[in-house]
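Architecture and fold: a report
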Amino acid sequence: MKKAVLESNFTPRIDPDKYHGDFQKITDGINQTMEANEERQWIQNALDLLNKEILGDYTIEEVGKRPLHALCNYVQAIVGSLYLLHAKEETLSCIACYAYNKNEMKNIILGAATIRQVAFQKAPIHLKNNTQTSISSDNTSLIAPHIYTFPLIYKKELLGVIEIGANEAFNAQTLQLFTLSSVIIATALATNKQAQSVKDLLQKAENINATMLQQQNALDAHSIVGITDVKGTITYANSKFSEVSGYSNEELVGSNHRLVNSGTYDNAFWDDMYITVS
């Protein structure tokens, strides 16, 4: 990132030797402020890009892939991967990759090694001048000299781990970007998982309702069904009830069962029945 520098090559109207130190301090202060502003803007531009990438109705894989690719491109990384935690199985599975084939990545059991250690400790690990840890690409294996692995945490809950490798060392500005990016990506993953849970519940409820409707239709086709409140007022009558009684559904609902009393049984019988069912 090219930084702006304020040159102090102007000619003051007062004695330059007398106030040279003060002018230099002012110039240095302005340059430092401009540099800090540029760094903040560089980070903000990246965060805006990530937020744009996660907007939309995407699968969990896309929610991982889109910001990972954007982040790796932005910091000029050579490889990257995002692992999603499966808490019940205590495993991490790769759902998104940058610059290599996701199918080559295996499920990782929580424990030691870099990715597993980051998940276990819920803290990042920064490998500098790496000469041993290799990452498999599509056609070959390469060693990223600098690897930064960091957790994705949402409301103190670990959701996954991101690993990014580059040829150039990650400076403090880039590491700060990774920290802020982890919040955005973790929130997106958590939101997606919650939305999927709601969809699953709605689908389950829809399936239950469909089953109940089938059962109701089968019951209505072969049985006389009537529902009353504790006072004996009819609140529901199926079509078979209407057919056998000779009354329409509108006439039955809201009426008392006395409407269809055949007179076969005396009042004592009905009184005893209502006491039993109520």
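Let me sum up the structure you'll find in this document. Please read these numbers as outputs of a predicted model, since none were measured by experiment.

Topic: the state of the cysteines
One pass over the structure, following the stated rule, counts zero disulfides. Just so you know, C72 is unpaired, no disulfide at all, and the nearest cysteine sulfur is the one on C97, 9.9 Å from it. Among the cysteines around C97, which has no disulfide bond, C94 carries the closest sulfur, lying 3.2 Å off. Using a relative accessible area of 10% as the deciding quantity, one classes C97 as buried.

Observations regarding the nonpolar core
L82, I164 and L189 are the most contacted members of the largest nonpolar core, which totals 36 residues. Listed by contribution, the elements that provide at least two residues to this core are α1 (16–54), α2 (60–74), β1 (79–86), β2 (91–98), β7 (146–154), β8 (157–166) and α4 (172–222). Per element, the largest residue contribution to this core is eight residues, and it comes from α4. Setting aside anything within four residues of it in sequence, one finds L189 in contact with I60, V63, G64, L82, L84, L152 and L159. Of all hydrophobic cores here, the second largest spans 10 residues; its members include Y83, L85, L92 and I115.

Procedures and definitions
Residues numbered from 1 in each chain as written. Predicted model: local features only at pLDDT ≥ 70, side-chain atom pairs only at ≥ 80, totals over all residues. Heavy atoms only, no water. Disulfide = S-S within 2.5 Å. Buried < 20%, exposed > 50% of the residue type's maximum accessible area, 1.4 Å probe, protein only. Core = buried A, V, L, I, M, F, W, Y, C linked by side-chain atoms within 4.5 Å. Helix = DSSP H or I, 4+ residues; strand = E, 2+ residues; numbered from the N terminus. Contact = heavy atoms within 4.5 Å.

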